[in-house]
Amino acid sequence: MSFDSISSKKFNLEKATNFMRQFRDPDSRELKKLSANQFMEIWSHYDKDGNGYIEGTELDGFLREFVSSANFTDISPDAVSDSMLVELKACFMEAYDDNQDGKIDIRELAQLLPMEENFLLLFRFDNPLESSVEFMKIWREYDTDGSGYIEADELKLQVFDSNKDGRLQLSEMAKLLPVKENFLCRQVFKEGIEGATKLTKDDIERVFSLYDRDNNGSIENEELKGFLKDLLELVKKDYDAQDLLEFEETILQGLEYSSEGKISRKQLTMILLALAKHNQEEEPATP
């Protein structure tokens, strides 16, 4: 029996309170598109212990209410029998438990519930951003006051505020908006001096093209910020906009850096060679 067929079963029991019912259209019983606030209401309601997962009895309660709220008759979630719940949970987890850990995290729930487009942007887990250049463009859109932080309360995304300071910093936002790949993590950049000698013209060109998104022959603005963010992630797990600014000053110091805020292929090559050399120097000596 499929998840959908279980969801469409009819029950004939007394009316009962069901948290999910308010988010369905009263006529069609389809789920409405959720705002950020509504989504977080649902998340907080079912993640009762606040541990970042809907699991165990929390998951049972969510599934019972999710299914019974789709019925045209207001019925009790208890109408879903234990045996049906077992089957329902198996179907549900197969469809939505991406990491197969037996529980649902906020990202997995986001795949199930329809959301308004501007909030859905934050959950592009099936389609990660192409590069950190796109990430920095989105960051700028949300950090409208240029403070270097996104107020978590505005977005109702406290669950991602890992250091609980009431705002999202760059590294916290990066967990929310994953990028396909940090190209600078590739092995060729981790092999020290030897790796530097392996850096080919094609390697340099691929990196340059990755960040020069407008193909104007230079890396600038969000392109430069995206490149430096990827570079910073290699040495620092938790970072904010100020860290990125200071890192930019450090990295670009000593380069013939253009006052126009751009770096060329030649300057990029110098940075990548320095990165490979730095990695070699950081490696512990072999006894």
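In this report, the structure presented in the accompanying data block is examined. (Residues numbered from 1 in each chain as written. Predicted model: local features only at pLDDT ≥ 70, side-chain atom pairs only at ≥ 80, totals over all residues. Heavy atoms only, no water.)

**A word on the overall build of the chain**
In step 1: Regarding its fold elements, the chain presents 14 helices and four strands.
In step 2: The burial tally for the chain puts 45% of its 287 residues in the buried class.
In step 3: Residue pairs in contact within the chain that sit at least 24 positions apart in sequence constitute 61% of those at least 6 positions apart.
In step 4: In the structure as shown, the chain presents an accessible area of about 15,200 Å², 48% of it carried by carbon and sulfur atoms. (Helix = DSSP H or I, 4+ residues; strand = E, 2+ residues; numbered from the N terminus. Buried < 20%, exposed > 50% of the residue type's maximum accessible area, 1.4 Å probe, protein only. Contact = heavy atoms within 4.5 Å. Areas by Shrake-Rupley, 256 points an atom, 1.4 Å probe, with all protein chains shown as cover.)

**A look at the nonpolar core**
In step 1: With 38 residues, the main nonpolar core has Phe135, Met173, Tyr211, Phe227, Leu231 and Leu272 as its most contacted residues.
In step 2: At the level of elements, helix 7 (132-142), helix 9 (170-176), helix 11 (201-211), helix 12 (222-233), helix 13 (241-252) and helix 14 (265-282) are the ones that each hand at least two residues to this core.
In step 3: The element contributing the most residues to this core is helix 7, with six residues.
In step 4: The contacts of Tyr211, once residues within four sequence positions are left out, are Val133, Asn182, Leu184, Ile219, Glu223, Gly226, Phe227 and Asp230.
In step 5: Grouped together as the second largest cluster of nonpolar side chains are 29 residues, Phe19, Met20, Leu88 and Leu112 included. (Core = buried A, V, L, I, M, F, W, Y, C linked by side-chain atoms within 4.5 Å.)

**So, the packing of aromatic side chains**
In step 1: Following the criterion strictly, the structure yields seven aromatic pairs and no others.
In step 2: Centroid distance Phe62 to Phe66: 5.6 Å. Interplanar angle 35°. Geometry classified as tilted. Note that Phe62 and Phe66 are positioned in helix 3 (residues 57-68) at a spacing of four residues, about one turn of the helix. The exposure classification of Phe62 matches that of Phe66, with both residues buried.
In step 3: Between the aromatic rings of Phe62 and Phe92, the centroid separation amounts to 6.1 Å while the plane-to-plane angle is 65°, which identifies the pairing as edge-to-face. Residue Phe62 is located in helix 3, and its partner Phe92 is located in helix 4 (residues 82-96); the two are separated by 30 residues in the primary sequence. Each member of the pair, Phe62 together with Phe92, is buried.
In step 4: Cluster of aromatic residues (ring-pair linked, three or more members): Phe19, Phe23, Tyr46, Phe62, Phe66, Phe92 and Tyr96.
In step 5: Between the NZ or CZ atom of Arg167 and the centre of the ring of Tyr149, over which it lies, the distance is 3.6 Å. (Phe/Tyr/Trp six-rings, centres within 6.5 Å; stacked < 30°, edge-to-face > 60°. Lys NZ or Arg CZ within 6 Å of the ring centre and 35° of its normal.)

Geometric descriptors of this kind do not, in isolation, establish any biological role.
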